[in-house]
Structures are given as structure tokens and as C-alpha cells.
Amino acid sequence: MAMLKVPVTSEDHAQGPDSAEVTLVEYGDYECPHCGRAYPIVKRVQKHFGKRLRLVFRNFPLGELHPHAEAAAETAEFAGAHGKFWEMHDLLYENQERLGGHPFLGLAEELELAATALRQALEDGEFEARVRGDFMGGVRSGVNGTPTFFINGRRHDGPFDFESLVTAIKAAMSAAKSAAKA
Amino acid sequence: MTHSSTTATPTDLNPAASEEASISLGRLLAAGVVAPNFTLNVTPDQTLSLHDLRGRPVILAFYPADWSPVCGDQMGLYNEILPEFQKFRAELLGLSVDGPWCHRAFAEARRLHFPLLSDFEPKGAIARQYGAYRAAEGVCERALFVIDKSGIITWSYCSPIAVNPGADGILEALEDLAK
């Protein structure tokens, strides 16, 4: 069973409290259609569990397969540096079919971020190391495609439809409870 | 059984064991064993021999079939990680029973930058030698081998057929070689 090798820290992009019973880590690619399909499902899962769940998103762009995935990941990191990571994360997935048209500067403006600064950051590769760091940490943890989920550090090898994720997260919650008792 | 595996488990009187053997045709070659040499087509008109790669580590990735429907499948993932393998001067070879024309189309479609070898005729002969053939389905296992620069297997792993094993095991094995 593959385990998450890079622990979640304050450097990560997280939604939900640190004290949540379960942390769901997603390694994703903004241009991957499977990740696009997972995006609304994960939102539903978050709503379902509320504060009992913390979601962490890490970059895993498959650049050979998805030529715009790297720029998308760096755009989200740029937004993150300005406190708007999740807003951009959501916008990118909601505009997934447009990524081929390189809409990143427009999306930045939509979030009132400076498009010129983003253009510069993409040109300079300012967030390349961060994205590559996520990617290699994922490889070391046994990420084997996108999306790959880890539930409390264990790779989720099953399907990622709503019911399957909820069942797996509930199982992790009970496991955490019985471990706390022991 | 008419296979040529050198390390197949003897078909003893244990029915369960022989049943298992008939599924996987023997055990995966393990660390310490000399990697059997092979010469296979890498394009419709070119062959490649394992011997030719002596002097550097080699990764063999047997897989069931080209055109797996998932995004970021096993070969696609390794394609993204090639620069990491190259840091160890390691050569990655993908192997399946698909023919060279099929491999060519697959490699072009997925923009793969490493050789895919065709264990095509006689079908699966090399996979059988490595204990990585599934006779029932007629495809290779999802099996990984890391071979050192002198041609000895130092690590091998067979993944459940439906589970992409990722690359973490390969990278750890390459690191161990470099120690």
C-alpha cells in the first residue's frame, strides 16, 4: 500500500481545519479530464463532511500528455502567492475546456490579479520549482496517474465517485477513532 | 505446459501451486539473478539487445497492453519521470506483446520518449523467461525489474494487473544502486 511520503505542512494549499479528522490529499492536473470529472465530486465530498475533512491539493501536471497543465499549475501557484489559490484552482477546472487557448491572463484578471505579473512569473518560471517539487514528492509517494488521492496518508486505489470516496473517508475516520482508543 | 521459463516453479502434486503456475508461468525473477538477454524489435526494422546496454542501469517495465484507456497511465507516467531516471544514467525499456507497428502508433500518440519493445514472436517468450507472463490472458504482467550495469537483477516487483505501480519503487532501487 503506497503511503504519502511528504507530510502536509503549512506550505500546502489546504481547505478545512488542521484539526480535521481526515485529510484528503489530491494530486491533480488541471488539464486532465479525469481530474475535471473529480472536481465537482470532491466539492460534494467536502460539503458532506464539513469541518471533519481537510482537503489538500498538490500539483501533478503530466506535461507530455497535457501541454497546458504546467502553465495552469504555475498560474494557480501565482494566485496562491496572492492569497487566491483556491479561487484560481476552481476557475481553472471550471474553464478546463478552454485551457488550450491559454486563458490564464484573463482568469487572473477575473480574480483581480495583475495579468502582467502573472505573465512575468510564467516567463521566469517563478513557480516551476514549487510545481516540480509537488510532482516529485508525488512520484515518491506512489502517485500513479491523475487524480491520485491519499486519505490520511494512504493511497486510495479505488474509484473516485462520490459514494466510493465517502465510504473510504468514513473508514479512515473509524480507523482513526479506534487507533485513538487503543 | 510448454514454456521455456528457466525458473518456473516445478509442477508438483500440489494442485493449487500448479494452478498458480499455469496463471503466471512461474515466479518473477528475483534480485541476484542474471537478467536473461534478449533481442527484440524496437521499431519495425530495428532491434535492441539487453547486452547493448551493459555499463548502465536498465529498467524493464513489462505491461499488459498499449492503449490503456486511463489518463496518465503507467507508460505516460514514466515518460514524465524520464529526467529522474536519466540522473542515474538508467535506460528505461517498456515491453509488451504488442507488435512494433502498434508500439509506434502508441508511442507517437502519447509522445513517449523511450523505447517500447515487442515481445511479439514467439509471443511473450521473454516475459516467460522473466516469470512475467499471464498465459490465460496472453499478456505480460505489470512487472518491473531494475538491472545493474553488469546485468544482474537488483530489484523486481509484480503489481496487481489493474494497479499502476507508479515509480517510487524504481527510484528507490536506482538509489540503492548508486550507493
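Everything here concerns the structure above.
Conventions used here
Residues numbered from 1 in each chain as written. Chains lettered and ligands numbered in written order. Predicted model: local features only at pLDDT ≥ 70, side-chain atom pairs only at ≥ 80, totals over all residues. Heavy atoms only, no water. Helix = DSSP H or I, 4+ residues; strand = E, 2+ residues; numbered from the N terminus. Rg over C-alpha atoms; globule rule 2.2 N^0.38 Å. Buried < 20%, exposed > 50% of the residue type's maximum accessible area, 1.4 Å probe, protein only. Contact = heavy atoms within 4.5 Å. Buried area = accessible area lost by both parts, 1.4 Å probe. Salt bridge = Lys/Arg side-chain N within 4 Å of Asp/Glu carboxyl O. Polar contact = N/O pair within 3.5 Å; in protein donor to acceptor, adjacent residues only side chain to side chain. Nonpolar A, V, L, I, M, F, W, Y, C, P; charged D, E, K, R; others polar. 1 Å grid on protein atoms, 1.4 Å probe; cavity = no way out; pocket = protein on both sides within 12 Å on 5 of 7 lines; lining within 4 Å. Points joined across faces, edges and corners; volume = space filled by probe spheres on them. Core = buried A, V, L, I, M, F, W, Y, C linked by side-chain atoms within 4.5 Å. Phe/Tyr/Trp six-rings, centres within 6.5 Å; stacked < 30°, edge-to-face > 60°. Axes fitted to C-alpha atoms, helices over the stretch in contact; angles between N-to-C directions. Parallel < 35°, antiparallel > 145°, perpendicular 65-115°, else oblique.

Before going further, it helps to examine the overall build of chain A. Helix and strand content of chain A: seven helices and five strands. Traced from its N-terminal end to its C-terminal end, chain A shows the element sequence β-β-α-β-α-α-α-α-α-β-β-α. Here the C-alpha radius of gyration of chain A, 16 Å, is about what a compact globule of 182 residues would show, namely 16 Å. Projected onto its principal axes, the C-alpha coordinates of chain A cover approximately 55 × 30 × 25 Å. Of all 182 residues assigned to chain A, the portion counted as buried reaches 53%. Intrachain contacts of chain A at a sequence separation of at least 6 include 79% that bridge at least 24 residues.

This paragraph deals with the interface of chain A and chain B. Contacts between the two partners involve 24 residues from chain A and, on the opposite side, 19 residues from chain B. Buried area between chain A and chain B, both sides added, is near 1,700 Å², and the carbon and sulfur share of it is 54%. For chain A, the biggest contributors to the area lost against chain B are Glu-64, Arg-140 and Asn-144 of chain A; these three give 38% of the whole. One can count four salt bridges joining chain A with chain B. Its salt-bridge partner being Glu-175 of chain B, residue Arg-140 of chain A comes within 2.6 Å of it at the nearest N-O pair. At the surface where chain A touches chain B, the tally comes to seven residue pairs in polar contact (both at pLDDT 80 or more). Residue composition of the side of chain A that touches chain B, grouped by class: ten nonpolar, eight polar and six charged.

As a further point, take empty space enclosed by the protein. Any space left empty among the atoms is revealed by the rolling of a water-sized probe across them. The tally for this structure, following the rule as stated, stands at two cavities of 30 Å³ or more. Roughly 70 Å³ of internal volume is contained in the largest cavity. Every residue along the wall of the largest cavity is listed here: Ala-35, Asn-37, Leu-50, His-51, Leu-53, Arg-54, Arg-56, Val-58, Ile-147, Asp-148, Lys-149 and Gly-151 of chain B. A breakdown of the residues in the lining of the largest cavity according to their chemical character gives five nonpolar, three polar and four charged. Within this model, the second largest cavity holds a volume of roughly 60 Å³. In terms of lining, the second largest cavity is formed by Gln-15, Glu-26, Tyr-39, Val-42, Lys-43, Gln-46, Leu-55, Trp-86, His-89 and Tyr-93 of chain A. Broken down by secondary-structure element, the contributors of at least two residues to the lining of the second largest cavity are α1 (33-49) and α3 (85-94) of chain A. A per-element tally of the lining of the second largest cavity places α1 of chain A first, with four residues. Of the residues contributing to the lining of the second largest cavity, the split by class is five nonpolar, three polar and two charged.

Moving on, we come to the environment of Val-22 of chain A. Along the chain, Val-22 of chain A turns up in strand β2 (residues 22-28). Excluding its chain neighbours within four sequence positions, the residues that come into contact with Val-22 of chain A are Arg-52, Leu-53, Arg-54, Ile-151, Asn-152, Ile-169, Ala-172 and Met-173 of chain A.

With that settled, consider the nonpolar core. Ranked by size, the top nonpolar core spans 46 residues in total, and within it Tyr-30, Val-45, Met-88, Leu-92 and Ile-169 of chain A carry the most contacts. Discounting residues that sit within four places of it in the chain, Ile-169 of chain A has contacts with Val-22, Leu-24, Val-45, Phe-49, Leu-53 and Ile-151 of chain A. Counting residues in each nonpolar core, the second largest holds 34 residues, with Phe-60 of chain A together with Ala-61, Leu-77 and Ala-90 of chain B among its members.

Before going further, it helps to spend a moment on the packing of aromatic side chains. Residue and element names in this part refer to chain A. In total, this model carries 18 aromatic pairs over all chains according to the counting rule given. Seen in terms of ring centroids, Phe-57 and Phe-85 are 6.2 Å apart; in terms of plane orientation they differ by 40°. Their pairing is tilted. Separated by 28 residues along the polypeptide, Phe-57 in strand β3 (residues 53-59) and Phe-85 in helix α3 bring together distant segments of the chain. Judged by its relative accessible area of 4%, Phe-85 is buried. On the numbers, 5.1 Å between centres and 85° between planes, the contact of Phe-85 with Trp-86 is edge-to-face. One exposure class covers both Phe-85 and Trp-86, and it is buried. Put simply, the rings of Tyr-30, Tyr-39, Phe-57, Phe-85, Trp-86 and Tyr-93 touch in pairs and so form one group of aromatic residues.

Here we come to the packing of helix α6 (residues 128-140) of chain A against helix α2 (residues 74-87) of chain B. α2 of chain B packs onto α6 of chain A with a crossing angle of 90° between their chain directions and a minimal axis gap of 12 Å. By the angle between their directions, the pair α6 of chain A and α2 of chain B is classed as roughly perpendicular. Residues Arg-132, Phe-135, Met-136 and Val-139 of chain A of α6 of chain A form the contact with α2 of chain B, whose own contacting residues are Glu-80, Ile-81 and Glu-84 of chain B. In the contact of α6 of chain A with α2 of chain B, the residues fall into four nonpolar, no polar and three charged.

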